[in-house]
Amino acid sequence: MNLNRKIANSLQINDTTELDISENNQDQIRDSVNALVLESGVPFQNKGHNPRELTDEERKKLESDTQLVCDFKKNKLEQDAKKNWDLFYRRNKTNFFKDRYWTFREFDELNEDYNLISSSSIKKLLEVGCGVGNFMYPLLNHNKNIFVYACDFSTDAINLLKSNPEYDINRCHGFVCDITKQNYLIECLPKNIDIDAVTLIFVLSAIHPDKMRAAVENIAQVLRPGGIVFVRDYGIYDHSMIRFDKGHKLDEKFYFRQDGTRTFFFSLEEIENLFSFPGLNGPLFQKSTNEYVFRETVNVKENLRVPRVFVQSKFIRTNFPVLKS
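This write-up is about the structure you can find in this document. (Residues numbered from 1 in each chain as written. Predicted model: local features only at pLDDT ≥ 70, side-chain atom pairs only at ≥ 80, totals over all residues. Heavy atoms only, no water.)

The strand order across the open sheet built from three strands is β7-β8-β9, with neighbouring strands paired in antiparallel fashion. Each having just a single partner strand, β7 (249–251) and β9 (262–264) make up the two edges of the open sheet. Geometrically, the sheet is characterised by an average inter-axis angle of 30 degrees between neighbouring strands, direction not taken into account. With two bridges connecting them, β7 and strand β8 (residues 254–256) associate as antiparallel partners. Bridge pairing in β8 places D251 opposite F254. (Pairing = 2+ DSSP bridges. Helix = DSSP H or I, 4+ residues; strand = E, 2+ residues; numbered from the N terminus. Axes fitted to C-alpha atoms, helices over the stretch in contact; angles between N-to-C directions.)

Mapping L204 onto the fold places it in the loop between β5 (195–201) and α10 (209–222). Residues within four places of L204 in sequence aside, it is in contact with M212, V216, D233, F266, I271, L274 and F275. (Contact = heavy atoms within 4.5 Å.)

For the rest of this paragraph, the subject is the pattern of salt bridges. A full pass over the atoms with the stated rule returns 18 salt bridges. Between D80 and K76 there is a salt bridge, and its shortest N-O distance comes to 3.3 Å. Between K83 and D80 there is a salt bridge, and its shortest N-O distance comes to 3.9 Å. Overall, K83 belongs to the partly exposed group, its relative accessible area being 45%. Since its relative accessible area comes to 14%, D80 is described here as buried. (Salt bridge = Lys/Arg side-chain N within 4 Å of Asp/Glu carboxyl O. Buried < 20%, exposed > 50% of the residue type's maximum accessible area, 1.4 Å probe, protein only.)

The N-to-C vectors of α10 and helix α12 (residues 268–275) enclose an angle of 50 degrees; their axes lie 9 Å apart at closest approach. With respect to each other, α10 and α12 are oriented oblique. Contacts between α10 and α12 involve M212, R213 and V216 from the first element and N273, L274 and F275 from the second. Here the contact of α10 with α12 is built from residues that sort into four nonpolar, one polar and one charged. (Parallel < 35°, antiparallel > 145°, perpendicular 65-115°, else oblique. Nonpolar A, V, L, I, M, F, W, Y, C, P; charged D, E, K, R; others polar.)

As a further point, take the packing of aromatic side chains. If you walk through the whole model with that rule in mind, you get 20 aromatic pairs. A centroid spacing of 4.9 Å and a plane angle of 55 degrees characterise the contact between F147 and Y149, whose relative ring orientation is tilted. Across the pair, exposure class does not vary: F147 and Y149 are buried alike. Between F244 and Y255, the aromatic rings sit 4.7 Å apart at their centres with planes inclined by 5 degrees, giving stacked as the arrangement. Of this pair, F244 sits in the loop between α11 (239–243) and β7 while Y255 sits in strand β8; the two residues are 11 residues apart in sequence, bridging distant segments of the chain. Taken individually, F244 and Y255 each receive the classification buried, so the pair is uniform in this respect. Connected via pairs of aromatic rings, a cluster forms that spans F202, Y234, F244, Y255, F265 and F310. If you follow R100 out to its NZ or CZ, it ends over the ring of F97, 5.4 Å from the centre. Its guanidinium or amino end placed over the ring of W102, R232 lies 4.2 Å from that ring's centre, counting from NZ or CZ. (Phe/Tyr/Trp six-rings, centres within 6.5 Å; stacked < 30°, edge-to-face > 60°. Lys NZ or Arg CZ within 6 Å of the ring centre and 35° of its normal.)

It is worth spelling out the nonpolar core at this point. Soluble globular proteins tend to bury their nonpolar side chains together. By size, the foremost hydrophobic cluster in this structure holds 57 residues, and its most contacted members are L126, L185, L200, L204, V229, F275 and F285. Of the residues forming this core, the biggest block, six residues, is contributed by α10. Those residues within four positions of V229 in sequence are excluded, and the remaining contacts are V198, L200, I219, L223, F275, F285, S313, K314 and F315. Within the second largest apolar cluster, 24 residues are counted, among which are F107, L110, V148 and L161. (Core = buried A, V, L, I, M, F, W, Y, C linked by side-chain atoms within 4.5 Å.)

Before going further, it helps to spend a moment on the pairing of strand β11 (residues 304–317). Where burial is concerned, most of β11 is hidden: 11 out of the 14 residues are buried. With 14 bridges joining them, strand β10 (residues 285–299) and β11 adopt antiparallel strand pairing. Residue pairing across strands places N299 opposite L304, the latter belonging to β11. The turn linking β10 back onto β11 is made up of four residues, and N303 within it adopts a positive phi angle of 55 degrees.

A few words on the side chain of D178. When you line up the elements, D178 lands in the loop between β4 (172–176) and α9 (184–188). In this structure D178 is buried but unpaired, with K181 as the nearest side chain of opposite charge at 4.6 Å. Reaching out from D178, the side chain makes a polar contact with the side chain of T180 at a distance of 2.7 Å. When residues no more than four places from it in sequence are discounted, the contact partners of D178 are F153 and Y184. (Lys, Arg positive; Asp, Glu negative; His and termini not counted. Polar contact = N/O pair within 3.5 Å; in protein donor to acceptor, adjacent residues only side chain to side chain.)

Let us look at unusual backbone geometry. Positive phi, close to 65 degrees, is recorded for N183, a residue that is not glycine. Mapped onto the fold, N183 is located in the loop between β4 and α9. Non-glycine residue F202 carries a positive phi angle of around 55 degrees. Tracing the backbone shows F202 in the loop between β5 and α10.

We now examine the sheet that holds β5. Pairing is mixed across the open sheet formed by eight strands, whose spatial order is β1-β10-β11-β6-β5-β2-β3-β4. Among the strands making up the open sheet, the edge pair consists of β1 (44–48) and β4. For this sheet, the mean inter-axis angle between neighbouring strands, taken without regard to orientation, is 20 degrees. Bridge analysis of strand β3 (residues 147–152) against β4 gives five bridges, and the strand direction is parallel. Within β4, the position partnered with D152 by the bridge is V176. Where helix α8 (residues 155–163) meets the sheet, it contacts β3 and β4, and its direction lies at approximately 160 degrees from that of β4.

Geometric descriptors of this kind do not, in isolation, establish any biological role.
Below you can see the structure in the form of structure tokens.
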């Protein structure tokens, strides 16, 4: 039984129940959520198609942050993007991100016994933005029939990926690649291979908005018709968006962190528009699913509840070819 259903059962809630969230009942809800989170180790999660509602305090904070950094700073961060990610991995090594076991729960197609729309299972997968292998290594252990091509913008990340004792050239191939450069991705991969699936897990948000479409187009070049793209990224009004102090705003919903890395916060419409632009005779991708994931990280000891918002999507590659520039 999943966590959401456990919470519902503990509160005697079914799909048609109108939940009483009055002040008198909030303690009961909080206690049930906290107890089950503690039991399962998994935060409360829900999904939907409307953005999270902001509190008055959050809305005022965002509305007051209108000053963008100067063009010199923007250009400097773009020029130093690779260097800043290299420094990130040099500093954090393999200790920053947790292994992404949740991907098998959220994306059924990654499991060995799941067939794609075209009735063929995923044999060759391209992971874009692989980092040090927090998705790749759990996937290789989970699905013995898959080969992973794993690329990252950071040379340091790929060096760390390859230094892992589990790195096996018979099951994976790691390489450095800037997926925003025209035709660069297809040149980095072996010729005449059929990529069945591509993952973009917290990748697009780290790219300058002006270059996101080029990245998606490059992915379309290497993904076979009927192949699938899995997307998970930061959604609008995520807690980390609210936390940014003034002086970190590059553009609307686009910010930079203290270490110089950047992040964008997506609406569902923006993600869909990225993938729905036309190819030679029609759209390059067809939407399969596209929704917000709402998670509430609960720290029982400190009675802290942090709202997280992600976008999660699947897009299917059509037969239409990419327009040549």
